[in-house]
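Residue strings, one per chain:
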Amino acid sequence: MAKPTILTVDDDPMVSQAVVRDLRTRYGADYRIVRAGSGAEGLAVLAELALRGRPVALVASDQRMPEMTGTEMLEQARAHAPDAKFLLLTAYADTDVAIRAINEIGLDYYLLKPWDPPEEKLYPVIDDLLGDWHRAHPDTSDHIRVIGHRWSDRSHEIKTFLARNHVPYVWLDIEKEGEAQRLAELAGAQPDDLPLVITADGVLRSPSTLNVAAALGLRTRAEQPLYDLCIVGGGPAGLAAAVYAASEGLSTVVVERQAPGGQAGQSAAIENYLGFPKGLSGADLTQRAVAQVSRFGAEMVLARDVVGLEARGPVRAVLFADGGDLEARAVVIATGVSYRRLEAPGLEPLTGRGAYYGATASEASQCEGDDVYVVGAANSAGQATLNLARFARRVVMVVRGGSLDESMSAYLVERINETPNIEVRLRSEVVAARGEGHLEHVTLSDRDTGEREEVATSWLFVFIGASPRTDWVGDAVLRDGKGFVITGQDLLLAGQPAAWPMTRPPYTLETSLPGVFAAGDVRLDSMKRVASAVGEGAMAVSFVHQYLATM
Ligand SMILES: Cc1cc2nc3c(=O)[nH]c(=O)nc-3n(C[C@H](O)[C@H](O)[C@H](O)COP(=O)(O)OP(=O)(O)OC[C@H]3O[C@@H](n4cnc5c(N)ncnc54)[C@H](O)[C@@H]3O)c2cc1C
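Here the structure is a predicted model, which is why all the values come from computation and not from measurement.

The rules behind the values
- Residues numbered from 1 in each chain as written.
- Predicted model: local features only at pLDDT ≥ 70, side-chain atom pairs only at ≥ 80, totals over all residues.
- Heavy atoms only, no water.
- Helix = DSSP H or I, 4+ residues; strand = E, 2+ residues; numbered from the N terminus.
- Buried < 20%, exposed > 50% of the residue type's maximum accessible area, 1.4 Å probe, protein only.
- Areas by Shrake-Rupley, 256 points an atom, 1.4 Å probe, with all protein chains shown as cover.
- Phe/Tyr/Trp six-rings, centres within 6.5 Å; stacked < 30°, edge-to-face > 60°.
- Lys NZ or Arg CZ within 6 Å of the ring centre and 35° of its normal.
- Near = heavy atom within 4 Å.
- Polar contact = N/O pair within 3.5 Å; in protein donor to acceptor, adjacent residues only side chain to side chain.
- Nonpolar A, V, L, I, M, F, W, Y, C, P; charged D, E, K, R; others polar.
- Arc of directions from axis to C-beta.
- Contact = heavy atoms within 4.5 Å.
- Salt bridge = Lys/Arg side-chain N within 4 Å of Asp/Glu carboxyl O.
- Pairing = 2+ DSSP bridges.
- Axes fitted to C-alpha atoms, helices over the stretch in contact; angles between N-to-C directions.
- Core = buried A, V, L, I, M, F, W, Y, C linked by side-chain atoms within 4.5 Å.
- Parallel < 35°, antiparallel > 145°, perpendicular 65-115°, else oblique.

Chemist: Where do I start with the overall build of the chain in this structure?
Modeler: For the chain, the helix and strand inventory stands at 15 helices and 26 strands. For the chain, the spread of C-alpha atoms along the three principal axes comes to 100 × 65 × 45 Å. Looking at the chain as a whole, 52% of its 551 residues are labelled buried. Counting only carbon and sulfur atoms, one obtains 50% of the accessible surface of the chain, whose full area is about 24,700 Å².

Quick look at the structure:
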């Protein structure tokens, strides 16, 4: 927690110095002692501290000051420092004013001047006030604050980015929280500035995730002109490749468009990963993997979207969406898959505004007390349903098939059946959605009878199979009809005679462009599991070594 501030306001320089001296002596180690020479200056200091999210524990003001009295100043200060304790320093003649201020402006205490000796007259009072403040004040002051509309897709994007990068934040809904409106006003924010992201260093107005990453000191640019290996995608396959490559001495960079962890990062509990008998969350796995990647010295470039791949003689280049590129002697494509879109009239404009593809832990907790609908019947839908059911009033699974058993692991089916606030609607589908600015209703259809029912809900999470994220490679490497990257012996199979340009056979995970490898879910016929993605990431590095040895 940043040191809380004690602000003193007094227009008499001698008295002001004496107060500050006494306060520093006793409280200087634990508090920032700041002094202002007038009411106006005091208010400006408080406004700045509020914007920076710095806690203010105490404001101690003299009463008799020209232009603005102490009580006038404290009355206005409440808007900037709602939780601070207020202390008025008065002469005997002002006792009545001070007593009135207790009722009228919530003054916490008044002290008659002079306060010598401080050990007897000043410190006991301030110790009490600070003790109360500490008990009442939760320690979230160093958290980033995100202020916006609940149903804004931009707010959702930033919250997801922060959550998946493990950056603690406080979400403040501008329509519900007085604190959000107060901060937006202090920042002079216009409607177009939302969402606001307030960090210890300043205010970001409607920032991109790249702006947020840069402001938080997350690396968004590569350091070197040429790497041995560039890995595109920071899911399990990419992170495993980075650990093996960097630990074996290759200069390595991972480029990730959002946050490390990939799909696995969204998993509430991965229970089938070797070595974790109780299971572990995707966030936990990601945090460990990222620590390992940085320990071995691989670079991680975040919030950069790769949109192209080029061969430049023996060098391979990946191109960024916002211009610029990065060169390496070898590349591993580990961009995984993303959820297929649900085709239902009205749904597209509500995506990110109540309708979501996948679900993170932060979304789950926001569903507290609500009715939630989940579309899908595979393990990912099952895990998300169980996680959402911890917070939601009721979770309804909308399943096209006649049973969960064909598509979901038995342990998940069992838990779903045992959870009282989960309802499974078999043989049904979501056929329409509507809402003003955010999701308000979805229409369900019974696939046997054709009967339709419109239900009220603000939450729909879709998990209906996945398609590979490979548009960005264009024609640079060969893909199958669905977009999965073809590797190794599959390149030599019938129908692809011209797919491989070299006399040597391709390495097992090599693509049609020599020196470019694919690992994990993005690869044709991959297993679509965390363990297999990790295994392929590690394996790809052994082929990278063999390839580089021939160059
Ligand atoms: C909710 C959920 C639960 C799951 N639970 C389990 C489980 O319990 N057990 C299990 O074995 N498997 C589980 N899976 C499947 C498992 O997570 C995946 O098989 C695994 O994550 C695949 O890893 P990957 O690295 O190949 O790809 P991904 O995890 O998809 O990672 C790809 C990464 O590449 C990035 N990327 C994509 N395009 C670009 C680009 N153009 N530029 C830069 N970066 C890009 C993405 O942002 C992403 O971070 C689950 C999946 C989900 C969604």
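The structure having been displayed, the exposition proceeds.
Chemist: Any chance you could explain the packing of aromatic side chains here in plain terms?
Modeler: Remark: the centre distance and the inter-plane angle together describe each pair of aromatic rings, the angle taken between the planes. Taken as a whole, this structure holds ten aromatic pairs when the rule is applied. Between W459 and F461 the ring centres are 6.2 Å apart and the planes differ by 5°, which places this aromatic pair in the stacked class. An identical accessibility class is assigned to W459 and F461; each is buried. Relative to Y547, the ring of F517 lies with its centre 6.2 Å away and its plane at 75°, an arrangement referred to as edge-to-face. Of this pair, F517 sits in strand 26 (residues 516–518) while Y547 sits in helix 15 (residues 530–549), and the two are 30 residues apart along the sequence. There is no split in this pair, since F517 and Y547 are both buried. Aromatic ring contacts, followed pair by pair, group W151, Y356, W459 and F461 into a single cluster. When the ring centre of F296 is taken as origin, the NZ or CZ atom of R295, which lies over that ring, is 4.8 Å away. Between the NZ or CZ atom of R341 and the centre of the ring of Y357, over which it lies, the distance is 4.2 Å.

Chemist: Honestly, the site of the ligand in this entry has me stumped. Any pointers?
Modeler: Taken together, 35 residues are adjacent to the ligand, and E256, Q263, Y339, Q383 and D521 come closest. The contact in question runs from an oxygen atom of the ligand to an N or O atom on the backbone of A264, over 3.3 Å. Contact between the ligand and Q383: an oxygen atom at 2.8 Å from a side-chain N or O atom of the residue. Broken down by secondary-structure element, the contributors of at least two residues to the shell around the ligand are helix 10 (236–247), strand 11 (252–256), strand 16 (337–339), helix 13 (379–389) and helix 15. Tallied by class, the residues present in the shell around the ligand amount to 15 nonpolar, twelve polar and eight charged.

Chemist: How do you make sense of helix 4 (residues 95–104) when you look at a structure like this?
Modeler: One turn of an α-helix holds 3.6 residues; hence residues three or four places apart share an orientation. If you check which residues of helix 4 are buried, you get T95, A98 and A101. The buried residues of helix 4 occupy an angular sector of 120° when projected down its axis, which confines them to one face. Those residues of helix 4 that are exposed and angled more than 90 degrees off the buried face are D96, N103 and E104. Tucked inside the fold, the buried residues of helix 4 contact helix 3 (70–80), strand 4 (85–90) and strand 5 (109–112). The positive-phi residue at the C-terminal boundary of helix 4 is G106, with phi of around 70°.

Chemist: Is there a simple way to think about the pattern of salt bridges in this case?
Modeler: Once their charged atoms are close, side chains differing in charge can pair, the charge on each being opposite to the other. Taken as a whole and judged by the stated rule, the model has 32 salt bridges. We note a salt bridge from R393 to D371, for which the minimum N-O separation is 3.1 Å. Taken together, the positions of R393 in the loop between helix 13 and strand 19 (394–398) and D371 in strand 18 (residues 371–375) put the pair 22 residues apart, joining distant regions of the chain. Assessed through its relative accessible area of 16%, D371 is described here as buried. Several salt bridges converge on common partners, so that one network encompasses E310, R312, D325 and E327.

Chemist: Help me understand the sheet that holds strand 21 (residues 428–434) in this model?
Modeler: Where strands meet in a sheet, backbone hydrogen bonds hold them as pairs that are either parallel or antiparallel. The three strands lie next to each other as 21-22-23, forming an open sheet whose pairing is antiparallel. The sheet is open, and its two edges are formed by strand 21 and strand 23 (452–456), each paired on a single side. Sheet twist, expressed as the mean angle between neighbouring strand axes with direction ignored, is 30°. Here strand 22 (residues 441–446) runs beside strand 23; their pairing, made up of five bridges, is antiparallel. The partner of T443 across the bridge, within strand 23, is E454.

Chemist: How should I be thinking about the sheet that holds strand 2 (residues 32–36) in this particular structure?
Modeler: The parallel open sheet is built from five strands, whose spatial order is 2-1-3-4-5. Every interior strand has two partners, whereas the edge strands, strand 2 and strand 5, have only one. Going across the sheet, the axis of each strand differs from the next one's by a mean of 20°, ignoring polarity. The pairing of strand 3 (residues 56–62) with strand 4 spans five bridges and is parallel. Along strand 4, the bridge assignment pairs A60 with L87.

Chemist: Please clarify how the nonpolar core should be interpreted in this entry.
Modeler: General note: in soluble globular proteins, nonpolar side chains tend to be found buried as a group. Core analysis: the largest hydrophobic core is formed by 44 residues, its most contacted members being V372, L460 and F461. Of all elements in the fold, only strand 17 (355–357), strand 18, helix 13, strand 19, helix 14 (410–418), strand 21, strand 22 and strand 24 (459–462) reach the threshold of two or more residues within this core. Here this core takes five residues from helix 13, the largest share from any one element. What F461 contacts, discounting residues up to four positions off in sequence, is Y356, G358, A359, E363, C367, V372, Y373, V374, V375 and L388. V293, L509, F517 and A519 belong to the second-largest nonpolar core, a separate cluster that totals 30 residues.

Chemist: I keep staring at the packing of helix 2 (residues 39–51) against helix 3 and nothing clicks. Help me out?
Modeler: Any two packed helices are characterised by how steeply their axes cross, that is the angle between the axes, and by the distance between the axes. The contact between helix 2 and helix 3 brings their axes to 9 Å, and the two run at 10°. Taken as axis vectors, helix 2 and helix 3 run roughly parallel relative to one another. Residue-level inspection shows G39, G42, L43, L46, A47 and A50 of helix 2 in contact with helix 3, the latter providing M73, Q76, A77 and H80. Grouping the constituent residues of the contact of helix 2 with helix 3 by class yields six nonpolar, four polar and no charged.

In short, the description is geometric, and any link to function would need to be established separately.
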